[in-house]
Amino acid sequence: MFDWIQKLADWLVLDVLKLEAGKHLTEALNFFIYDSVKILLLVLVIIFFMGIVNSYFPVEKVRNYLSRKKLYGFEYLVASLFGTVTPFCSCSSVPLFIGFVKGGIPLGVTFSFLITSPLVNEVAIGLFIGLFGLKTTVIYVVSGVLLGTISGIILQKLKLEKYLSPWVQQVLANSQKETEQFEIEHTPFKDRIPAIWKETKTILKGIVPYVLVGIAIGGLMHGYIPEGFFEKYMAKDNWFAVPIATIVAVPMYSNASGILPVAQVLVSKGIPLGTAIAFMMGVVGLSLPEAMLLKKVMTLKLIAIFFSVVTLCIIISGYLFNIIF
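Residues numbered from 1 in each chain as written. Predicted model: local features only at pLDDT ≥ 70, side-chain atom pairs only at ≥ 80, totals over all residues. Heavy atoms only, no water.

This part covers the environment of threonine 26. Summarising the element assignment, threonine 26 is placed in helix α2 (residues 24-56). Spatially, the C-alpha atom of threonine 26 lies 9.4 Å from that of aspartate 10, the residues being 16 residues apart in sequence. With residues near it in sequence (within four places) discarded, threonine 26 still touches Val13, Leu14, Leu19, Glu20 and Ala21. A polar contact of 2.6 Å, which involves the side chain of threonine 26, links it to the backbone oxygen of glutamate 20. (Helix = DSSP H or I, 4+ residues; strand = E, 2+ residues; numbered from the N terminus. Contact = heavy atoms within 4.5 Å. Polar contact = N/O pair within 3.5 Å; in protein donor to acceptor, adjacent residues only side chain to side chain.)

What follows deals with the packing of helix α4 (residues 74-84) against helix α8 (residues 134-157). Put simply, α4 and α8 touch, their axes get as near as 8 Å, and they point 135 degrees apart. Considering the angle they form, α4 stands oblique to α8. Judged by the twist between their axes, the crossing of α4 over α8 is right-handed. For the pair formed by α4 and α8, the contact residues are Tyr76, Leu77, Ser80, Leu81 and Thr84 on the first element and Val145, Gly148, Thr149, Gly152, Ile153 and Gln156 on the second. Considered class by class, the residues forming the contact of α4 with α8 number five nonpolar, six polar and no charged. (Axes fitted to C-alpha atoms, helices over the stretch in contact; angles between N-to-C directions. Parallel < 35°, antiparallel > 145°, perpendicular 65-115°, else oblique. Left-handed = near helix turned anticlockwise from the far one by under 90°. Nonpolar A, V, L, I, M, F, W, Y, C, P; charged D, E, K, R; others polar.)

Here the focus is the side chain of asparagine 30. Along the polypeptide, asparagine 30 turns up in helix α2. The exposure class assigned to asparagine 30 is buried, which follows from its relative accessible area of 13%. Not counting residues within four places of it along the chain, the set of residues in contact with asparagine 30 comprises Gln6, Ala9, Asp10 and Val13. (Buried < 20%, exposed > 50% of the residue type's maximum accessible area, 1.4 Å probe, protein only.)

Okay, the packing of aromatic side chains next. For any two aromatic rings, the description comes down to two numbers: the centre-to-centre distance and the angle of the planes. One pass over the structure, following the stated rule, counts six aromatic pairs. Ring centres of phenylalanine 48 and tryptophan 197 lie 6.1 Å apart, and the angle between their planes is 70 degrees; this geometry places the pair in the edge-to-face category. Separated by 149 residues along the polypeptide, phenylalanine 48 in helix α2 and tryptophan 197 in helix α10 (residues 189-224) bring together distant segments of the chain. On the basis of an interplanar angle of 25 degrees and a centroid distance of 5.4 Å, the ring pair of phenylalanine 82 and phenylalanine 113 is categorised as stacked. Note that phenylalanine 82 is positioned in helix α4 and phenylalanine 113 in helix α6 (residues 107-119), a separation of 31 residues in sequence. We classify phenylalanine 82 as buried; its relative accessible area is 3%. (Phe/Tyr/Trp six-rings, centres within 6.5 Å; stacked < 30°, edge-to-face > 60°.)

All right, on to the confidence of the model for the protein then. Per-residue confidence for the protein gives a mean pLDDT of 75, with 67% of residues at or over 70. Element-level pLDDT for the protein is lowest in helix α5 (residues 90-102), with a mean of 59, against a maximum mean of 89 in α8. Contacts from residues 175-184, a stretch scored under 50 in pLDDT, to residues over four places away or in other chains number eleven contacts. (pLDDT = per-residue confidence, 0-100.)

Think of an α-helix as 3.6 residues a turn; residues three or four steps apart then line up on the same face. With 13 residues, α6 should reach 18 Å at 1.5 Å per residue; the first-to-last C-alpha distance of 19 Å fits that figure. For α6, the buried fraction is high: 13 of the 13 residues fall into the buried class. (Expected span 1.5 Å × (residues − 1).)

If you look at soluble globular proteins, the nonpolar side chains tend to sit buried side by side. Among the nonpolar cores identified, the biggest contains 56 residues, and Tyr140, Met280 and Phe306 are the most heavily contacted of them. The greatest single-element share of this core, amounting to ten residues, is contributed by helix α16 (residues 300-324). Of all hydrophobic cores here, the second largest spans seven residues; its members include Ala79, Phe82, Val85 and Phe113. (Core = buried A, V, L, I, M, F, W, Y, C linked by side-chain atoms within 4.5 Å.)

Now for the environment of leucine 19. With respect to the helices and strands, the residue leucine 19 is situated in the loop between α1 (3-16) and α2. Given a relative accessible area of 25%, leucine 19 falls into the partly exposed group. Here leucine 19 is in contact with Val13, Leu14, Leu25, Thr26 and Leu29, once residues within four sequence places are set aside.

So this is what it looks like as structure tokens:
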């Protein structure tokens, strides 16, 4: 399917730039060109497709639905699934999280959205398909949705509302379920295309720098770091590799576009897939910038509990991935 991209990369590197095959620079540049073209094409297609989905299933309708309906526990799954169709990093998910809380949606349900949104979205899915294949992508998406769902249920059972900031508690005390009905627009599909394409370009423009930087780092690692370098420290038989990878990732910050190419190279260098994915989830789903934003709506104790629960679930996911693969 992507052979033509590999041929293009080989032609540019070997024939146009006249670089010598087998050299570190040649390998790094070839990797960068191949992955950049492949990933950006996949992301473009998937963002456009999800734009069509979002045009019929907007944020306001989901929030309104969740605040009005009793779903007998399935609301956590619905919130996690909604997180998969929102192209946000952890920091840009926080404003929507605040809106969910203000709308009267249970705290655990909003956590389910907050956890899943940066981990599983159309950008991450497009990258995963291109880097790891369809089977691994399906397993990753399912595990990401389950991670958000289970974490949300656990956090709800802990009854943490008292640890929200005083501002949010006041909002919750005065909030009522929204009563206005959203107008149903019967806009024909063909008339929605221009707006969807405009939004696709906006999203793509925003993530391209992250994609290119991530692939560039991956290319340098691919071309210059010797085989087995990482495996020495994070081998599958090292029982502590997954928690170490997860904890080390927390101080870092990136979105899926920037970190997934790096995860691919880590796997190619010998790190087990589960360990690399745990590292990626830690970078994307848990970050210091996210904690700073959450300080607006949570106390430090609640942030610590939230991070601890999600970290534990990520570590478990990493071990499961290592067992499966």
